[in-house]
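Here is how the chains run, residue by residue.
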Amino acid sequence: MLLYIGFWLHSRTEISRWQHFIEVQVKDKLQGGNLWGLAGIALMAVFREAFETVLFMRAITLEGGAQGVQAMALGLVVSVAGLATLSWLLLKYSAKLPIRKIFSVSSALMVILAVILAGKGLHALQETGTFFVTVTPWGWTTDLLGVYATWEIVIAQLLTGVLVFVLWRLGSRPAARLP
């Protein structure tokens, strides 16, 4: 999902393509009288985010106990303060935002996060005994970056990198002209 969103952002780095995309989508829904379709798409996007957040928070409370609840409360306070600050900055300076650069940086960060999460997810499966563990000869690991010294994780992260490269090349092609 991170790769999809990252490449979706990458393909929208040109503001004219982005504006055209939004215009076509909204006109299509409005001309077809499909306001329910437009509302359904918005609802699904919000519901997916809310569901993902609830699952994440539930995992923190189950694993972290009282300390996890305190960390979530602190995270909530910091998040609300950060959101308020970011909202104020966006409202004040949004006309000057370099959208192309923001989308490019966001997509790069999502790619990095996808590689890290591929390593961490596979490592979690290895810890539970669900997946094989074949240790590499170098033995270098770093939990923060999701890098572990097993061939399965190295291969999964390399495959994620190859997928990123292929999708990046496909996303860099010129957009097809709509009639």
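Calculation criteria
- Residues numbered from 1 in each chain as written.
- Predicted model: local features only at pLDDT ≥ 70, side-chain atom pairs only at ≥ 80, totals over all residues.
- Heavy atoms only, no water.
- Helix = DSSP H or I, 4+ residues; strand = E, 2+ residues; numbered from the N terminus.
- Buried < 20%, exposed > 50% of the residue type's maximum accessible area, 1.4 Å probe, protein only.
- Contact = heavy atoms within 4.5 Å.
- Areas by Shrake-Rupley, 256 points an atom, 1.4 Å probe, with all protein chains shown as cover.
- Patch = residues over 30% accessible without salt bridge, like charges linked within 9 Å, V, L, I, M, F, W, Y side chains within 5 Å.
- Salt bridge = Lys/Arg side-chain N within 4 Å of Asp/Glu carboxyl O.
- Phe/Tyr/Trp six-rings, centres within 6.5 Å; stacked < 30°, edge-to-face > 60°.
- pLDDT = per-residue confidence, 0-100.

**Examining the overall build of the chain**
For the chain, the helix and strand inventory stands at 5 helices and 0 strands. Every one of the 179 residues in the chain was classed for burial, and the buried ones make up 19%. Partitioning the contacts of the chain with sequence separation of at least 6, the portion at a separation of at least 24 is 57%. Carbon and sulfur atoms form 72% of the exposed surface of the chain, whose accessible area is close to 13400 Å².

**As for the side chain of T150**
Following the sequence through the fold, T150 ends up in the loop between α4 (99–127) and α5 (151–171). Aside from chain neighbours lying at most four places away, what touches T150 is Q126, V133, T134, V135 and T136.

**Digging into a nonpolar patch on the surface**
Together, W138, W140, L144, L145, W151, I155 and L159 make up a nonpolar patch on the protein surface, roughly 810 Å² of accessible area in all. Locating I155 in the fold gives a position in helix α5.

**What to know about the packing of aromatic side chains**
Tallied over the entire structure, the rule returns 1 aromatic pair. Residues W138 and W151 carry aromatic rings whose centres are separated by 5.2 Å and whose planes lie at 75° to one another, so their mutual orientation is edge-to-face. You can see W138 sitting in the loop between α4 and α5 and its partner W151 sitting in helix α5, a full 13 residues away along the chain. Judged by its relative accessible area of 47%, W138 falls in the partly exposed class. Here W151 falls in the partly exposed class, since its relative accessible area comes to 34%.

**Some words on the environment of A149**
Assignment of secondary structure puts A149 in the loop between α4 and α5. With a relative accessible area of 9%, A149 lands in the buried category. In sequence terms A149 and T134 are 15 residues apart; their C-alpha atoms lie 8.4 Å from each other. Leaving out residues up to four positions away in the same chain, A149 has contacts with T134, V135, T136, G139, W140 and T141.

**Examining the environment of Q157**
Considering the arrangement of structural elements, one finds Q157 in helix α5. Each C-alpha atom of the pair Q157 and G119 lies 6.3 Å from the other, and the pair is 38 residues apart in sequence. Each residue touching Q157, except ones within four places of it in the same chain, is listed here: V115, I116, G119, L145, G146 and V147.

**Topic: the confidence of the model for the chain**
Residue-level pLDDT values for the chain average 79, and 74% of them are 70 or greater. Of all the helices and strands in the chain, helix α1 (residues 2–11) carries the lowest mean pLDDT, 64, while α5 carries the highest, 88.

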